[in-house]
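# Coordinate inspection notes
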Amino acid sequence: MALIGMRNVCWGFGDPPLLEKVTFQIAKGERVCLLGRNGVGKSTMLKLLSGEILPDNGDVWRQQGATVAVLEQDVPTGDGTIFDVVAEGLGPKGKALAEHNRICIQLETVNTPELVKRLDELQNILNSDNGWELLRQVESILSRTLLDPEKKFADLSAGMKRRTLFARALAGQPDILLLDEPTNHLDIDSIIWMEEFILRNVTTLLFITHDRAFLKKIANRIMELDRGGLASYNCDYETYLERRDAALEAEESRNRVFDQKLSKEETWIRQGIKARRTRNEGRVRALKKMRAAFQSRRRQIGNVRMQVQEAERTGKLVIEAKNISFLYGATPIIRNFATVIMRGEKVGIIGPNGVGKTTLLRILLKEISPHDGCVRHGVHLQVAYFDQLRAQLDTHKTVQENIGEGNDFIIFNSQKRHVISYLQDFLFSPERCRTPVHVLSGGEKNRLLLAKLFTRPANVLVLDEPTNDLDAETLELLEKLLFEYHGTLLLVSHDRAFLNNVVTSTLVFEGQGQVNEYAGGYDDWLIQRPQPEQERLSAKKPCNKPGPETRHLKARKLGFMEKRELKELPLKIDAFEAEQKELYAAMSDPMFYKKGREELTRVKTHLAELEDEIKAAYLRWEALENIEKDNPFHQK
């Protein structure tokens, strides 16, 4: 039986409205993911369902007695302890319980008649209508979500604040849970914890997310909001992508036929006096309807067009770190870390929130000095740095001013481009270009920061949490851009699918300041990492032959980018070897050695680099083929 839904809901200030005749329902047991581009109205839909705002037309309904709780995208500021924040989510009696808790803490140090009187009033409120039952609910959810009730909310990391607000939403035991980007600011361990908690404890929910791994694990139904309308898909994510693409192709085909017919009718109506005398009035009326339909057609939102300005190539060596150690007070953040990063490598950095990932980046870039060890850079490094806090954006200036910095034009790949034309590649309309940055959504701010980043030529890209708030289409385009990027990439991310599809190696914080290096992405690290003690002990126990689910944990499928890379590697190797053959032929000519010393050195250096690239390509080909071969569902 359906718990909540909408009937012909319209909402929006402009024409056309943001939501137009939206109809759907969610039944008990459904875990629905709401997808759509940034700015299409996903968060607005959640606010309508929760009752925070009202529709302009249509009805938002819920089953009688059904309760709804919301985890919003923005993290609010607030005082009080974790206990207070969670309790206050339970309505007036919950607020009384939180105030009661605060006064009890105050009375330990300050005892005044006013505080004692107020405590008595609160106890009377809680004594009525079984108000103390809320205390059991709050303590239960804090225990299940592994939160310390006495910690100050203001002192928590962004990830722990999200977990606290998640507990607050769950405390009232709602029938329907609404989650808006629940994985934002969470590290990978916290995301996995949330996945498992939802699967065990939450029956019905509607959630918005950009995390494709989270989506695949949680959702049993997908809804997509596009151009004001809503489409529902009762399938998994891969099938949804196939069905959506087929629907878009069918729409384009219908539009082509319609446009051809409209063009033909417009030609007919302009044929002159003779045609007007003999024309059919019904045909004229039909043409007017076609014109109206064409004018009201809502065009599909375009895709971001991203391009990196690549600078002069770096030397073969980009960064070398030797025996790096860094302390925060007496706590080791990084201990005896060493690595060598070569040109063209794409390195992911994984670890819990607050462990020191950004600190490691700044040490590798020589922005801060380690307490022990040294960092050496290669030659010709030009670094572009994406800061997760978006400090490079001036929130008081407009979008255009942040890119142009007082100029109407920028130089991009040696060509002069107008700032607004450049920003339209990142889906900013001319009107939006004149908007102050502080009113932009989180996804728009990230797109703007990427646009600002790519205005500078760079051969080393450093991206610290670039995926937050970006929609799935933009994420996939960014993946493709980074995959094809010829420079060197350092990437901090908690997006497991993004790491799998982009990086060639990972640096992982594994406790006590240890940072270890692994080949491949996140799933490759899961296979290679040292087995935890508990898993080693359980592995020693006799067990039955593993079934398909167990085997699936030990192997993985190639990602989209990896499949493409595997397909292209033989062609890439052929091109390398053909160039190598040409160089060998040139060097076998006696006249070759009559050239100048600089030319001889250049050719020999290039040959050595080519041999390294061929070797690396063969190793990568072998690694990808092994993953494909080990996949239990691989069809030979």
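Scroll up to find the structure this text is about.
These remarks concern the structure in this document.

Time to look at the packing of aromatic side chains. Two aromatic rings are characterised by how far apart their centres lie and by the angle between their planes. In the structure shown here, the tally under the stated rule is nine aromatic pairs. Both rings, one in Phe-207 and one in Phe-214, keep their centres 5.6 Å apart while their planes meet at 90°; by these two values the pair is edge-to-face. Judged by its relative accessible area of 0%, Phe-207 is buried. Using a relative accessible area of 0% as the deciding quantity, one classes Phe-214 as buried.

Spatially, β11-β10-β13 is the arrangement adopted by the three strands of the open sheet, whose pairing is antiparallel. Only two strands of the sheet have a single partner each, and these edge strands are β11 (331-342) and β13 (372-377). Averaged over all pairs of adjacent strands, the angle between their axes in this sheet comes to 15°, without regard to strand direction. Inspection of the sheet shows strand β10 (residues 317-328) paired to β13 by five bridges, in the antiparallel sense. Bridge pairing links Glu-320 to Arg-376 in β13.

All right, on to the sheet that holds strand β2 (residues 19-27) then. Read across the sheet, three strands follow the order β2-β1-β4 without closing on themselves; strand pairing throughout is antiparallel. In this open sheet, the two edge strands, each paired with only one partner strand, are β2 and β4 (57-62). This sheet shows a mean twist of 5° between the axes of neighbouring strands, independent of strand direction. Strand direction decides the pairing type here: strand β1 (residues 2-11) and β2, joined by six bridges, are antiparallel.

This part covers the pattern of salt bridges. For the coordinates displayed, the defined rule picks out 23 salt bridges. Lys-217 is paired through a salt bridge with Glu-195; the nearest N and O atoms lie 3.7 Å apart. You can see Lys-217 sitting in helix α8 (residues 212-218) and its partner Glu-195 sitting in helix α7 (residues 188-201), a full 22 residues away along the chain. In this structure Glu-195 comes out as buried when scored by relative accessible area, which is 2%. Across the pair Asp-211 and Arg-496 runs a salt bridge whose closest N-O atoms are separated by 3.8 Å. Residue Asp-211 is found in the loop between β7 (205-208) and α8, and its partner Arg-496 is found in helix α18 (residues 496-502); the two are separated by 285 residues along the sequence. Summarising the burial analysis for this pair, Asp-211 and Arg-496 share the class buried.

Over its 15 residues, helix α4 (residues 113-127) runs 21 Å from end to end, which matches the ideal 21 Å to within 8%, given 1.5 Å per residue. Here α4 has its buried residues at Leu-115, Leu-119, Leu-122 and Leu-126. Taken end-on, α4 shows its buried residues confined to a sector of 65°, consistent with a single buried face. Structural note: α4 exposes Pro-113, Glu-114, Lys-117, Asn-124 and Asn-127 on the side pointing more than 90 degrees away from its buried face. Residues of α4 that are buried sit in contact with α3 (91-106). In the stretch just after α4, Asp-129 is the one whose phi turns positive, near 55°.

Rules and cut-offs
Residues numbered from 1 in each chain as written. Predicted model: local features only at pLDDT ≥ 70, side-chain atom pairs only at ≥ 80, totals over all residues. Heavy atoms only, no water. Phe/Tyr/Trp six-rings, centres within 6.5 Å; stacked < 30°, edge-to-face > 60°. Buried < 20%, exposed > 50% of the residue type's maximum accessible area, 1.4 Å probe, protein only. Pairing = 2+ DSSP bridges. Helix = DSSP H or I, 4+ residues; strand = E, 2+ residues; numbered from the N terminus. Axes fitted to C-alpha atoms, helices over the stretch in contact; angles between N-to-C directions. Salt bridge = Lys/Arg side-chain N within 4 Å of Asp/Glu carboxyl O. Expected span 1.5 Å × (residues − 1). Arc of directions from axis to C-beta. Contact = heavy atoms within 4.5 Å.

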